[in-house]
Amino acid sequence: MTWGVAQPLADLLTRGIEQVSALRWKAARSVVFMSRTVKYRGDVLVCSLESPPIEGRECGVVCGWVELYQIVNPAQLTDEEWAELGILPKDREKYMKKYAYRFRNPRRLIEIPYKCREGMRLEQVYMDFLTAYPQVVEMDKKGWEEIQRKINHETKRNG
């Protein structure tokens, strides 16, 4: 299943976390409202549409995978989910006739050009071209010693 969406939604869905400020991070968007429902549940390949172009965002590329695990009536959303979406209680009524798609397990892919159509559809995608970002972290000896010091400090403090 592929899903062509405009930026910045494509990035928000596939990043898992987003930076709010230099020191603050929050969970990325995990609920999206759609006008129709689908029977499909499972991994969805998220692609960003070529237009409109957004400065600082990759458009017309594969962004990553997310798992569509549930579609619910918006009345079933928690207050935390509404707050995450930034929708005030007085504005929630206009979303009640839509479906709330819940996503989890975002995985970024190296952005490669991909022309997709808007919307969610079954499409054949050649998996050989999709490459996940490496999950390896490099650090120098000083950084490693600092992490070990913090771990030892927390272990001693928590007993």
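Structure shown above.
When you look at the packing of aromatic side chains in this model, what are you seeing that I'm missing?
Both the distance between ring centres and the angle between the ring planes are used here to describe each pair of aromatic rings. Summed over the entire model, instances satisfying the criterion amount to 5 aromatic pairs. Geometrically, the ring pair formed by Trp 82 and Tyr 95 is edge-to-face, given 6.4 Å between the ring centres and 65 degrees between the ring planes. Linking Trp 82 in helix α2 (residues 79–85) with Tyr 95 in the loop between α2 and β7 (99–108), this pair joins segments that are 13 residues apart in sequence. We classify Tyr 95 as partly exposed; its relative accessible area is 23%. By way of ring pairs, the aromatic residues Trp 3, Tyr 101 and Phe 103 are connected into one cluster. In this arrangement the basic side chain of Arg 104 is found over the ring face of Tyr 69, its NZ or CZ atom lying 4.1 Å from the centre.

Which parts of the structure should I look at to understand unusual backbone geometry?
Between Gln 7 and Pro 8 the backbone carries a cis peptide bond, its omega angle lying at 5 degrees. Relative to the elements of secondary structure, Pro 8 occurs in the loop between β1 (2–5) and α1 (9–15). Of the consecutive residues Ser 51 and Pro 52, the connecting peptide bond is found in the cis state with omega at 5 degrees. Phi angles above zero are rare outside glycine, and Asn 105 is one such case at about 55 degrees. As for its placement among the helices and strands, Asn 105 is situated in strand β7.

What counts and how
- For every chain, the first residue of its written sequence is number 1, and the numbers climb from 1 along that sequence.
- Totals for whole chains, interfaces and linings use all residues, but because this is a predicted model, local features are given only for residues with pLDDT of at least 70 and pairs of side-chain atoms are given and counted only at 80 or more.
- Values reported for side chains reflect all heavy atoms of the structure, with hydrogen atoms and water molecules removed beforehand.
- The criterion for an aromatic pair is that two Phe, Tyr or Trp rings (for Trp, the six-membered ring) have centres within 6.5 Å, with stacked assigned to planes under 30 degrees apart, edge-to-face to planes over 60 apart and tilted to the rest.
- Helix numbering and strand numbering both begin at the N terminus, where a helix is a DSSP run of H or I of at least 4 residues and a strand a DSSP run of E of at least 2.
- Residue exposure (1.4 Å probe, protein chains only): buried if accessible area is under 20% of the type maximum, exposed if over 50%, otherwise partly exposed.
- To sit over a ring, a charge needs its Lys NZ or Arg CZ within 6 Å of the ring centre and within 35 degrees of the ring normal.

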